[in-house]
Amino acid sequence: MNVFSLSMVVAAAAVFSLRAPLHGSRLKQAILVPQEVDGKALYAKNCKQCHGVLGAPTKAARQQYKNIATFVDSTFFATHQHKEFISAITNGKGDMLPFKDKLTAAEIEATVKYIHTLAKKS
Ligand code: HEC
């Protein structure tokens, strides 16, 4: 289990426990069987229109947003930190609006995990 999936499990468990009363069995279930959060579907719904289907921004997005991030290049991930991504998506950055009112912490984690899969291995 890598650090991203581990933090996703923790975040999912935290969100679940906030929403549901803390009955022992439900808490145990939340920790042992975390809700699957589908990062790919969340990306398609919330991110694709700017960052592109496969992580290369659309031409229109590149023209509109000069600084838009590209996720196909693995050096992008080597030079940025996970917590920067979480912060940028949660609170917004430049022309990217915040997602804190649209996505839960676990869902934001899931989209970050998903964009890592878009980088070409070099
Ligand atoms: C309206 C277009 C738009 C949408 C929708 C959008 N982004 Fe962005 N995103 C941007 C732009 C523009 C930047 C560059 C911000 C800057 O550096 O000024 C960016 C930057 C980023 C970065 C890099 C942050 C950093 O640390 O530099 C990540 C990661 C990211 N977006 C992920 C996402 C994810 C995940 C979603 C969906 C939940 C999403 N974006 C939705 C436009 C968008």
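First things first, this report covers the structure right here in the doc. (Residues numbered from 1 in each chain as written. Predicted model: local features only at pLDDT ≥ 70, side-chain atom pairs only at ≥ 80, totals over all residues.)

1. A look at the overall build of the protein chain
Helix and strand counts for the protein chain stand at eight helices and zero strands. Across the protein chain, the fraction of contacts at a sequence separation of at least 24, relative to all contacts at a separation of at least 6, is 57%. (Helix = DSSP H or I, 4+ residues; strand = E, 2+ residues; numbered from the N terminus. Contact = placed C-beta atoms within 7 Å.)

2. Some words on the site of the ligand
Surveying the vicinity of the ligand reveals 21 residues, the closest of which are C47, C50, Y65, G94 and M96. If you list the elements that add at least two residues to the shell around the ligand, you get α4 (48–51), α7 (82–91) and α8 (105–116). Looking at the shell around the ligand, the element that brings in the most residues is α7, giving four residues. Residues belonging to the shell around the ligand are distributed by class as follows: eleven nonpolar, seven polar and three charged. (Near = placed C-beta within 6 Å. Nonpolar A, V, L, I, M, F, W, Y, C, P; charged D, E, K, R; others polar.)

3. As for the packing of helix α3 (residues 39–46) against α8
Two numbers describe how α3 lies on α8: the axes approach to 8 Å, and their chain directions differ by 95 degrees. Comparing their axes, α8 and α3 come out roughly perpendicular. Along its contact with α3, which presents G39, K40, L42 and Y43, the element α8 presents E107, A110, T111, K113, Y114 and I115. Taken together, the residues that form the contact of α3 with α8 break down as five nonpolar, two polar and three charged. (Axes fitted to C-alpha atoms, helices over the stretch in contact; angles between N-to-C directions. Parallel < 35°, antiparallel > 145°, perpendicular 65-115°, else oblique.)

4. Details of the nonpolar core
Formed by 14 residues in total, the largest nonpolar core has its most connected members in Y43, I89, A110, V112, Y114 and I115. The set of elements that each furnish at least two residues to this core consists of α3, α7 and α8. With six residues, the single largest contributor to this core is α8. The residues touching Y43, leaving out its near neighbours within four places in the chain, are K48, T111, Y114 and I115. (Core = buried A, V, L, I, M, F, W, Y, C linked by C-beta atoms within 7 Å. Buried ≥ 20, exposed ≤ 12 C-beta atoms within 10 Å, placed from the backbone.)

5. Points about α3
Within the span of α3, buried status applies to G39, L42 and Y43. Buried residues in α3, looked at end-on, bunch into an arc of 100 degrees, giving them a common side. In this fold, the buried residues of α3 make contact with α4 and α8. (Arc of directions from axis to C-beta.)

6. Topic: the packing of α7 against α8
With their axes 10 Å apart at the nearest point, α7 and α8 run at an angle of 125 degrees to one another. Considering the angle they form, α7 stands oblique to α8. Handedness of the α7/α8 crossing: right-handed. Packed against α7, whose contacting residues are H82, F85, I86, I89 and T90, the element α8 presents I108, T111 and V112 at the interface. When the residues that make up the contact of α7 with α8 are grouped by side-chain class, the tally is five nonpolar, three polar and no charged. (Left-handed = near helix turned anticlockwise from the far one by under 90°.)

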